[in-house]
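Each chain, written out:
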Amino acid sequence: MKDEFSELENVWNAGQKKLAQQQPTFQDMQQNLKQRKSASRNFQYGTLSILLFTLIGFCAFFIYVAPVKQTISRVGAIAMLGGLTIRVILEIISLLKLQKISTLSNSKENTNNSISFHAFRVKTQRIYSPIIIGVFTIGFYLITPEFLDNLSLNMVLFIDISYLFIAAILFYVIRMGVQKELQNLQEWTDLLRELEAD
């Protein structure tokens with residue numbers, strides 16, 4: 001009986017030791033936070049770079065290659081450039097909010113900053129971005145009359161139809177990236193809450 005009890009005690013102790021080893025330490029959790037913050041920052045810098053490159057490209061196009069002359073086309077160009085500019089500003093604000101979050105602190109303020117950042121990213125990706133894409137698309141099609149003055153009807157139809165396919169592919173790719181980012185941010189916020197509770 002004594003041997004059975006000792007064996008049971010050894011099994012219990014081994015199980016407790018194994019369980020303790022599986023529990024993430026505070027340092028492990030902080031390292032995880034650093035990785036998630038870095039992934040989010042890299043995603044945002046990539047997005048900002050693409051947006052700036054696109055904005056500069058369209059500005060150069062409308063200034064040097066195809067200066068729009070018709071009023072409706074100018075409205076279209078302003079809608080396109082304005083939408084891109086607003087999206088760039090949103091990304092810069094987002095990066096500034098990200099800088100307020102410390103991976104070394106588990107304070108209530110830090111958790112609130114993280115929750116605020118997460119909420120801003122969700123709004124940016126799920127509300128503002130689709131609206132901006134819609135405005136950009138309307139602006140693109142408002143330039144069609146100007147294209148008709150300078151290009152053949154077949155070429156304009158090709159451009160207008162191609163835009164739909166390119167936009168659909170880009171929307172799908174962006175959506176996948178956004179879902180991954182939002183999942184990362186949700187896990188990050190949950191981890192900060194867990195750290196704050198400890």
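Residues numbered from 1 in each chain as written. Predicted model: local features only at pLDDT ≥ 70, side-chain atom pairs only at ≥ 80, totals over all residues. Heavy atoms only, no water.

A few words now on the overall build of the chain. When its secondary structure is counted, the chain shows 6 helices and 0 strands. N-terminal to C-terminal, the α/β element order of the chain is α-α-α-α-α-α. Across the 198 residues of the chain, 31% fall into the buried class. In the chain, once contacts between residues fewer than 6 apart in sequence are set aside, the share between residues at least 24 apart is 80%. (Helix = DSSP H or I, 4+ residues; strand = E, 2+ residues; numbered from the N terminus. Buried < 20%, exposed > 50% of the residue type's maximum accessible area, 1.4 Å probe, protein only. Contact = heavy atoms within 4.5 Å.)

As a further point, take the nonpolar core. With 20 residues, the main nonpolar core has Phe-62, Met-80 and Ile-143 as its most contacted residues. Top contributing element to this core by residue count: helix α3 (residues 71-99), with 7 residues. The residues contacting Phe-62, other than those within four sequence positions of it, are Pro-67, Val-68, Ala-77, Met-80, Leu-81 and Ile-143. (Core = buried A, V, L, I, M, F, W, Y, C linked by side-chain atoms within 4.5 Å.)

Here we come to the environment of Ile-115. Within the element layout of this structure, Ile-115 appears in helix α4 (residues 108-142). You can call Ile-115 partly exposed: its relative accessible area is 29%. A sequence separation of 14 residues divides Ile-115 from Ile-101, and the C-alpha atoms of the two residues are 9.8 Å apart.

Looking at the element boundaries, Thr-124 is found in helix α4. When its relative accessible area of 0% is taken as the criterion, Thr-124 is described as buried. Not counting residues up to four positions away in its chain, the partners in contact with Thr-124 are Arg-87, Leu-90 and Ser-129.

Here the focus is the confidence of the model for the chain. Predicted coordinates in areas of low pLDDT are best not read in detail. Chain-level statistics for the chain give a pLDDT mean of 78 and a share of 74% at 70 or above. Here helix α1 (residues 2-22) stands out as the element of the chain with the lowest mean pLDDT, 57, in contrast to α3, whose mean of 90 is the highest. (pLDDT = per-residue confidence, 0-100.)

With respect to the helices and strands, the residue Glu-146 is situated in helix α5 (residues 144-150). Accessibility expressed as a relative area gives 7% for Glu-146, which makes it buried. Taking C-alpha positions, Glu-146 is 9.4 Å from Arg-74, a pair spaced 72 residues apart along the chain. Contacts of Glu-146, omitting those with residues within four sequence positions, involve Pro-67, Val-68, Lys-69, Gln-70 and Ser-73.

A separate point is the environment of Asn-150. By secondary structure assignment, the location of Asn-150 is in helix α5. Given a relative accessible area of 59%, Asn-150 falls into the exposed group. Residues Asn-150 and Ala-66, 84 residues apart in the sequence, show an inter-C-alpha distance of 9.4 Å.

We now examine a nonpolar patch on the surface. On the surface, a nonpolar cluster with roughly 500 Å² of combined accessible area is contributed by Leu-148, Leu-153, Leu-157, Ile-161 and Phe-165. In terms of residue count, the dominant contributor to the nonpolar patch is helix α6 (residues 153-197) (4 residues). Structurally, the position occupied by Phe-165 is in helix α6. (Patch = residues over 30% accessible without salt bridge, like charges linked within 9 Å, V, L, I, M, F, W, Y side chains within 5 Å. Areas by Shrake-Rupley, 256 points an atom, 1.4 Å probe, with all protein chains shown as cover. Salt bridge = Lys/Arg side-chain N within 4 Å of Asp/Glu carboxyl O.)

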